[in-house]
Amino acid sequence: MSSGGPAVVVGVDIGGTKVLAGVVDNAGSVTSTALRITPGRRVVTSQVEDALVEAILECAGGRPLAGVGVAAAGFVDSRGERVMFAPHLPWQGEPLRQLLEDRLGSHVMLDNDANCAARAEAHHGAARGASSALMVTMGTGIGGALLLDGRVLRGANGMAGEFGHMQVVPDGRPCECGRNGCWEQYSSGKALVRNARALMADRVSMLHDMCDGSTARVTGPMVTAAAEEGDPVACAAFAPVGDWLGVGVASLVAALDPELVVIGGGVSAAGDLLLEPARAALRRTLVGAAHRVVPELVAAELGPQAGMIGAALLLRHRAS
Ligand SMILES: [Zn+2]
């Protein structure tokens, strides 16, 4: 490992399963990356911070740090100081920004991961040039952000954009948040897998082979792969997920009237399998659809690096 050289800006994205760090240049390009497994939620918090510091230093490769941006999968306070709560991490009110600054001796900034992904798409991805855009990230659940003139709308407490927990079905399916009928129970990676497992009970599908006969082993990427091969069960599992996506987006569009809707997150890798039924449902359910411009609904462009790139952008666009 060499030392010295020009100072670098590092973005790091910590989710429930992995820590991805990268050196991000002025153009938003990632020049080197480092990966760690997230230690989990039942560990002491310093172990999670160890993983972050290791990944940051590895990708920097001995070069001095000009600054570090952190995208965290959790609720970050409006000042960007603390992770208040994270479903898959042990942090509760953790003063992460200051802790990392002390350990790294470099300026550190912190934001929610969906906000970071949206910021990256606004500057370097699918929402480039849009005056307003709604970002919906579909992973295990649903997250998101609203962009106005390239800036993320944070809300009074920094918690805007938790679209996945809008109630869409009164007394509907129970949600991990403790309530019922949340949108992400009908449109998310988890909903996709649940649909596939239910359909597999009495229908022939290539998924039976893919999961070695155990439906508990079915994953979202498996369902996507099978649907891309035209498997009828996998395609049938996608249809309601896409439909519910469009129904929820229609409510958000009714409230916010964005120029563009960008769908990101792991499930968006399915492309038109997801987006076509969503577009149809958006046109069908948006209030006044025949008399207004229905916003375009497009896939995100930056993939799994969006959070990391958007975290680095915190340093370059400190006010956004
Ligand atoms: Zn919920």
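Just above sits the structure.
Just so it is clear, the structure is predicted and the values come from calculations on it, not from any experiment.

## Regarding helix H8 (residues 272-285)
Given a rise of 1.5 Å per residue, 14 residues ought to cover 20 Å, and the 19 Å separating the end C-alpha atoms of H8 matches this to within 8%. What H8 keeps buried is the set Leu-274, Leu-275, Ala-278, Ala-281 and Leu-282. Down the axis, H8 shows its buried residues gathered within 130° of arc, on one side only. Packing partners of the buried residues in H8 comprise strand S8 (132-138), helix H7 (232-256), strand S11 (260-264) and strand S12 (296-299).

## Describing the pairing of S11
Residues in a regular strand point their side chains to alternate faces of the sheet. Across the five residues that make up S11, a large majority, five, are buried. Neither face of S11 is left uncovered, since the one carrying Leu-260, Val-262 and Gly-264 and the one carrying Val-261 and Ile-263 both have all their residues buried. Here S8 pairs with S11 via five bridges, running parallel. Across the sheet, residue Leu-134 finds its bridge partner in S11, namely Val-261. As paired elements, S11 and S12 share four bridges and run parallel to each other. Along S12, the bridge assignment pairs Ile-263 with Ala-299.

## Brief notes about the coordination of the zinc ion
Within the protein, His-165 (ND1), Cys-175 (SG), Cys-177 (SG) and Cys-182 (SG) serve as the donor atoms for the zinc ion, at 2.1 to 2.3 Å. Around the zinc ion sit four donor atoms, and with donor-metal-donor angles ranging over 106 to 117° the site reads as tetrahedral. Each donor residue of the zinc ion belongs to the same chain, with the gaps between them written as H-x9-C-x1-C-x4-C. Assigned by exposure class, Cys-175 and Cys-182 land together as buried.

## Observations regarding the state of the cysteines
Counting across every chain of the model gives zero disulfides. Distance from the sulfur of Cys-59, which forms no disulfide, to the nearest cysteine sulfur (Cys-116) is 15 Å. By relative accessible area, which is 2% here, Cys-59 ends up buried.

Parameters and conventions
- Residues numbered from 1 in each chain as written.
- Predicted model: local features only at pLDDT ≥ 70, side-chain atom pairs only at ≥ 80, totals over all residues.
- Heavy atoms only, no water.
- Helix = DSSP H or I, 4+ residues; strand = E, 2+ residues; numbered from the N terminus.
- Expected span 1.5 Å × (residues − 1).
- Buried < 20%, exposed > 50% of the residue type's maximum accessible area, 1.4 Å probe, protein only.
- Arc of directions from axis to C-beta.
- Contact = heavy atoms within 4.5 Å.
- Pairing = 2+ DSSP bridges.
- Donors = N, O, S within 2.8 Å, 3.2 Å for Na, K, Ca; no water.
- Tetrahedral: all angles 85-135°; square planar, octahedral: opposite > 155°, others 65-115°.
- Disulfide = S-S within 2.5 Å.

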